[in-house]
Amino acid sequence: MPNTTTQNIGLAICNLATLPNEQGVSERVLIIPDGEFQSADGRPFDVPSRKWLMDATAFDSLSLAATTRTKDFLFDYDHQTLHKEKNGQPAPASGWFKSDALEYVPGEGVYARSVEWTKNAYAALTAKEYRYVSPVFLYDKQTGRPLVLLHVALTNDPALTGLDEVAVLNSQYLLNNTGTNPMNEAQQLLAALGITVDGDVTSEHIEKGKAAITELKSKADGAEGKDKQIAALNTQIQQATSNTTVDLTKFVPVDVHNALRGELAALNSQHQGVTIETAIDKAKAEGRVIAAEIDYLKQLGEQSGLAALNAVLDSRQPIAALNAQQSKPTPTPTQDKTGVAALSVEDKYAADQLGISHKDYAALKEEDQ
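Source: prediction; values computed, not measured.

A. The arrangement of the overall build of the protein in detail. Within the protein, the secondary structure is distributed over 14 helices and 11 strands. Considering the protein as a whole, with its 369 residues, one finds that 38% of them fall into the buried category. By sequence separation, contacts in the protein at least 24 residues apart represent 64% of the contacts at least 6 residues apart. Of the accessible surface of the protein, which amounts to about 21,000 Å², a share of 51% is contributed by carbon and sulfur atoms.

Next up, the structure:
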């Protein structure tokens, strides 16, 4: 994403054509043309080149912003979503497509894949009552590059009147009233990947984010591979032990059988590791997690697996201020009935992780003191 601030972000609307298939779905709809382009009425007036610019850098920004969406992208009619605050009329949907359905083709532009049209929109398109689509996006006023796709409209007018005024009002509404500043969301997403952004998001940050996502996917694929190995080893063991009529010492030597069981145990141990909650609690205690993101991290672990979660947590550096807030005074040990210093919950957890008895761990603590 280019180095921008909300002061130099503009809002754009332009027009392209589309048609649905018999099932009411357009497999690919071109919503933003590639290269330099401008509206029929001469916009953008606030970009030095007087043109918008769609390229790979711009698509990186659009893709990153799309990953922060929780809802599908909307198609409406004649940009009524922009006008509804002024004219008080409803803004029905004409179609929808998924937030991960953007596709960039150099030399052609940005496509929306698998656009599902409503019944009324399908009828209007097939009857040619509507023929064009018009995207609405935030753009960098310095370079003209699109930054965030907002929604798309079905329209027949390639130069709608009053768009400049509506664009300013809607841009203010988006940035000030909804609490969804696209720059802040991009920074939050990169922070979740362990990438600190001081100031505006740059193309370098985007590349680091893409690399982090690739690494997470690689580790997640590795975890899936271990699952398959465990399943295969289980199958081999079951096949080796299920048929009692087979001389196992002849067809499956004992050392091979034991090797399989040992490898299975090692894979299970490596795969299980610590629980998701334990990993998050440990990172929080170390000052690498704040309370506000615990639910997000739990969802990440449940959705992508423990390996992906650990990759995010391991990439973070402890924050000294969080360590200071979360640190607690070490309680003075007391004596239990056996005369051994009583252990805290943290001590018992440490002893369990080390594989030694609580009594031995207490003795070690007393020696250290």
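There is more to say, and it comes next.
B. The arrangement of the nonpolar core in detail. In terms of nonpolar packing, the biggest core is built from 32 residues, with Ile-31, Met-54, Phe-97, Leu-102, Val-110, Trp-117 and Leu-149 touching the most fellow members. Core analysis: the second largest hydrophobic core is formed by 19 residues, Leu-190, Leu-216, Leu-297 and Val-312 among them.

C. A look at the environment of Met-54. With respect to the secondary-structure elements, Met-54 resides in strand β5 (residues 52-54). Between the alpha carbons of Met-54 and Gly-107 there is a distance of 9.7 Å; along the sequence they are 53 residues apart. Those residues in contact with Met-54, other than ones at most four positions away along the chain, are Ile-32, Pro-33, Asp-34, Gly-35, Phe-37, Phe-59, Leu-62, Tyr-104, Val-110 and Pro-146.

D. Structural view of the side chain of His-151. Its location among the elements puts His-151 in strand β11 (residues 146-155). Here His-151 falls in the buried class, since its relative accessible area comes to 8%. In contact with His-151, other than residues within four places in its own chain, are Leu-74, Asp-76, Thr-81, Leu-82, Ser-134, Pro-135 and Val-136.

E. Highlighting the pairing of strand β10 (residues 132-140). Most of β10 sits inside the fold, with eight of its nine residues counted as buried. By the bridge criterion, eight bridges tie β10 to β11 in an arrangement that is antiparallel. Within the sheet, the bridge partner assigned to Val-136 lies in β11 and is His-151. In textbook terms, the turn of a hairpin is the stretch between consecutive antiparallel strands, and for β10 and β11 this stretch comprises five residues, one of which, Gly-144, has a positive phi near 85°.

F. Looking closely at the pairing of β11. Across the 10 residues of β11, 10 count as buried, placing the element largely inside the fold. As defined by bridge partners, strand β6 (residues 73-77) adjoins β11 across three bridges and the pair is classed as parallel. In the sheet register, Phe-75 faces β11, and the bridge partner there is Val-152.

G. Region of interest: the packing of helix α9 (residues 276-285) against helix α11 (residues 306-314). Here α9 crosses α11 at 5°, and the two axes come no closer than 10 Å. Comparing their axes, α11 and α9 come out roughly parallel. In contact with Ile-276, Ala-279, Ile-280 and Ala-283 of α9, α11 contributes Leu-306, Leu-309, Asn-310 and Leu-313. Across the contact of α9 with α11, the residue classes tally to seven nonpolar, one polar and no charged.

H. View of the packing of aromatic side chains. Scanning all chains against the criterion turns up 10 aromatic pairs. An aromatic cluster is present here, built from Phe-37, Trp-52, Phe-137 and Tyr-139 joined pairwise through their rings. Across the ring face of Tyr-111, the terminal group of Arg-28 is positioned such that the distance to the ring centre comes to 3.9 Å. Directly above the ring of Phe-73 sits Arg-69, whose terminal nitrogen or CZ lies 3.9 Å from the centroid.

I. Representation of the confidence of the model for the protein within the structure. For the protein, the average pLDDT comes to 75, and 70% of its residues sit at 70 or higher. Predicted confidence in the protein is weakest over helix α4 (residues 163-176), with a mean pLDDT of 35, and strongest over strand β8 (residues 102-105), with 95. Scored below 50 in pLDDT, residues 10-17 makes 47 contacts in the model with residues more than four places away or belonging to other chains. Contacts of residues 158-180 to residues separated by more than four positions or lying in other chains number 29 contacts, the stretch itself having pLDDT below 50.

J. A look at helix α2 (residues 80-87). Taken residue by residue, α2 has Gln-80, Thr-81, Leu-82 and His-83 as its buried positions. Trailing α2 by a residue or two, Gly-88 shows a phi angle of about 70°, which is positive.

K. Looking closely at the pattern of salt bridges. Scanning all chains against the criterion turns up seven salt bridges. Linking Glu-103 and Arg-28 is a salt bridge whose minimum nitrogen-to-oxygen distance equals 3.3 Å. Placement of Glu-103 in strand β8 and of Arg-28 in strand β3 (residues 25-33) is noted, with a sequence separation of 75 residues between them. For Arg-28, a relative accessible area of 40% puts it in the partly exposed group. For Asp-72, the salt bridge is made with Lys-98, and the minimal N-O distance between the two is 3.4 Å.

Basis of the calculations
- Residues numbered from 1 in each chain as written.
- Predicted model: local features only at pLDDT ≥ 70, side-chain atom pairs only at ≥ 80, totals over all residues.
- Heavy atoms only, no water.
- Helix = DSSP H or I, 4+ residues; strand = E, 2+ residues; numbered from the N terminus.
- Buried < 20%, exposed > 50% of the residue type's maximum accessible area, 1.4 Å probe, protein only.
- Contact = heavy atoms within 4.5 Å.
- Areas by Shrake-Rupley, 256 points an atom, 1.4 Å probe, with all protein chains shown as cover.
- Core = buried A, V, L, I, M, F, W, Y, C linked by side-chain atoms within 4.5 Å.
- Pairing = 2+ DSSP bridges.
- Axes fitted to C-alpha atoms, helices over the stretch in contact; angles between N-to-C directions.
- Parallel < 35°, antiparallel > 145°, perpendicular 65-115°, else oblique.
- Nonpolar A, V, L, I, M, F, W, Y, C, P; charged D, E, K, R; others polar.
- Phe/Tyr/Trp six-rings, centres within 6.5 Å; stacked < 30°, edge-to-face > 60°.
- Lys NZ or Arg CZ within 6 Å of the ring centre and 35° of its normal.
- pLDDT = per-residue confidence, 0-100.
- Salt bridge = Lys/Arg side-chain N within 4 Å of Asp/Glu carboxyl O.

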